[in-house]
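This is what each chain is made of:
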Amino acid sequence: MNEPLRIIFMGTPLFAVATLEALIAAGHKVQCVVTMPDRPKGRGGKKTVGPVKASALRNNIEVLEPETIKHGPFIERLKAIAPDFVVVVAYGKILPQAVLNIPRYGCVNLHASLLPKYRGPSPINRAVINGDEETGVTTMLMDKGMDTGPMLLKERLLIGESDTAEDLSKRLSASGAGLVVRTLEEMRDGLVKPEPQDESEASYAGFLKKEDGRIDWSSDAGLIKNLVRGMYPWPGAYTFHNGNFLKVHRGDVAPTNDAGKALPPGTITGVSDGFIGVACGQGAYNITELQMQGRKRLSSADFLKGYRLKEGDRLG
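The written sequence of each chain sets the order in which its residues are numbered from 1. Predicted model: local features are reported for residues with pLDDT of at least 70 only, side-chain atom pairs are reported and counted for 80 or more only, and whole-chain, interface and lining totals are derived from all residues. Calculation of side-chain values draws on the structure's entire complement of heavy atoms; hydrogens and water are dropped beforehand.

Engineer: What am I meant to see in the overall build of the protein chain here?
Structural biologist: For the protein chain, the helix and strand inventory stands at eight helices and 15 strands. With respect to the principal axes defined by its C-alpha atoms, the protein chain has extents near 70 × 45 × 30 Å. The buried label goes to any residue with under 20% of its type's maximum accessible area, the exposed label to any with over 50%, and the partly exposed label to all in between, with areas taken from a 1.4 Å probe on protein chains only. Taken over 316 residues, the protein chain has a buried fraction of 49%. Between two residues, a contact is recorded if the distance between any of their heavy atoms is within 4.5 Å. For the protein chain, the share of sequence-separated contacts (at least 6 apart) that also reach a separation of at least 24 residues comes to 67%. The Shrake-Rupley method, run with a 1.4 Å probe sphere, supplies the accessible areas, and residue values consider only the shown protein chains as cover. Approximately 15400 Å² of the protein chain is accessible, and the part contributed by carbon and sulfur atoms is 50%. A distance of 7 Å separates the average location of the 40 positive side-chain charges in the protein chain from that of its 36 negative side-chain charges. Strands here mean DSSP runs of E at least two residues long; helices mean DSSP runs of H or I at least four residues long; both are numbered from the N terminus. Counting rule for charge: Lys and Arg are taken as positive, Asp and Glu as negative, and neither His nor the chain ends is counted. By convention, the point assigned to a charge is CZ for Arg, NZ for Lys, CD for Glu and CG for Asp.

Structure follows, in structure tokens:
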């Protein structure tokens, strides 16, 4: 029987928790967890414990929260563990060569795309925004680049027509957890061969900014639907009405292209039947959930009870 693997786990958000807990459940020895330091959050500025740190504490695992991962004492601490693997899932920093050199078998990263497509920090959002029908997770051996190392294993997932980035993230997190465990065990047993990425097929999914969520009503209704799904829950898709900021949480393409035909993009085509219809450059989009700044998220039907919005008004 194989000995449990000695692992240093590096990760921060909720997406990474499933992998950490899968490694523990598989009987491997997670010697310590490295995560980003607690940051102030909310109006009160109170520091909150990150999801990976909380999981590590529940499992009585040592937690390291270095501001920098390049200084000597931190590097020496990792070396002293003598890990078989360093596993990285959405940690938040690129590892220096001094860390890459530490583990026996290498540093393995879980990335939420089918590499080399969508390297970078926002692969899940971009897959939804671009209307992709399929995505997946890839494990890779890390090098000094941004998601450029040789690939190990992949698992594909279909993207549903109504999937938001949040929905897809949950499924990819669960899929990736099992894939990481399988990758480490197959690497230990010599059953997986690293495959270089094809640079000609590479694309980059950069950081999302709040302004990326502004809805351009002159776009095709299908593209607007994808934007709303891909920006949920953060940073969110939004528009304006008479200067009021409105966040759009959910909606769908109107069932017929006659809706909003010949009307200027952004024109309200109707405010009944539980939705707010909006004319687009092509077709129309029905908003079903939205939120005014500083107020609660509401269904369109409930929103219209307290906010005056009528057919012929313009958004944008």
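Now that the structure has been shown, we can carry on.
Engineer: Even after reading the chapter, I still don't get the pattern of salt bridges, so can you show me in this structure?
Structural biologist: Oppositely charged side chains can pair when the atoms bearing their charge come close. A carboxyl oxygen of Asp or Glu within 4 Å of a side-chain nitrogen of Lys or Arg is what we treat as a salt bridge. All chains considered together, the criterion is met by 18 salt bridges. In this structure, the salt-bridge partner of Arg77 is Glu62, at a minimum N-O distance of 2.5 Å. Remark: Glu62 occurs in strand β5 (residues 62-64) and Arg77 occurs in helix α3 (residues 72-81); sequence separation between them is 15 residues. Judged by relative accessible area, Arg77 falls into the partly exposed class, the value being 30%. On the basis of relative accessibility, which here comes to 32%, the residue Glu62 falls in the partly exposed class. Overlapping salt bridges bring together Asp38, Lys53 and Glu65 as one network.

Engineer: Would you take a moment to explain the packing of aromatic side chains for this structure?
Structural biologist: The way to describe two aromatic rings as a pair is by their centre distance and the angle between their planes. Stacked, edge-to-face and tilted are the three classes for Phe, Tyr and Trp ring pairs, Trp counted by its six-membered ring, which pair at centre distances within 6.5 Å; planes under 30 degrees apart are stacked, over 60 edge-to-face, the rest tilted. One pass over the full model with this rule turns up six aromatic pairs. Each ring, one from Phe85 and one from Tyr105, has its centre 5.0 Å from the other, and the planes form 20°; the classification is stacked. Taken together, the positions of Phe85 in strand β6 (residues 85-89) and Tyr105 in the loop between α4 (97-100) and β7 (106-111) put the pair 20 residues apart, joining distant regions of the chain. With a relative accessible area of 24%, Tyr105 lands in the partly exposed category. When the centroid spacing of 6.3 Å and the interplanar angle of 50° are considered together, the rings of Trp217 and Tyr285 count as tilted. Of this pair, Trp217 sits in the loop between α6 (165-188) and α7 (221-230) while Tyr285 sits in strand β14 (residues 284-292), and the two are 68 residues apart along the sequence. Tyr285 matches Trp217 in its accessibility class, with the two residues each being buried. To sit over a ring, a charge needs its Lys NZ or Arg CZ within 6 Å of the ring centre and within 35 degrees of the ring normal. Positioned above the aromatic ring of Phe245 is the side chain of Lys210, whose terminal nitrogen or guanidinium carbon lies 5.2 Å from the ring centre.

Engineer: I would appreciate a short explanation of the pairing of strand β8 (residues 134-141) in the present structure.
Structural biologist: The side chains of a regular strand alternate, first on one face of the sheet and then on the other. Most of β8 sits inside the fold, with seven of its eight residues counted as buried. We treat two strands as partners when DSSP finds at least two bridges between them. Here β7 runs beside β8; their pairing, made up of four bridges, is antiparallel. Within the sheet, the bridge partner assigned to Val108 lies in β8 and is Leu141. Here six bridges tie β8 to strand β9 (residues 151-158), and the two strands are oriented antiparallel to one another. Across the sheet, residue Gly136 finds its bridge partner in β9, namely Arg156.

Engineer: Before we go on, may I ask you to explain the packing of helix α1 (residues 14-25) against α6 in this structure?
Structural biologist: What describes two packed helices is the angle between their axes and the distance between those same axes. Between α1 and α6, the least distance of the axes is 8 Å, while the angle of their chain directions is 35°. Helix-helix and strand crossings are classified by hand; for α1 and α6 the assignment is right-handed. Taking contact as the criterion, the partners of Leu14, Phe15, Ala18, Thr19, Ala22 and Leu23 in α1 are, on α6, Ser169, Leu172, Ser173, Gly176, Ala177, Val180, Val181 and Leu184. Of the residues assigned to the contact of α1 with α6, the class counts are ten nonpolar, four polar and no charged. A fitted line through C-alpha atoms represents every axis, and for helices the fit uses only the stretch in contact; the resulting angles, taken between N-to-C directions, go from 0 to 180 degrees. Should the near helix be turned anticlockwise from the far one by less than a right angle, the crossing is left-handed, and should it be turned clockwise, the crossing is right-handed. The residue classification treats Ala, Val, Leu, Ile, Met, Phe, Trp, Tyr, Cys and Pro as nonpolar and Asp, Glu, Lys and Arg as charged. All others, Gly included, are polar.

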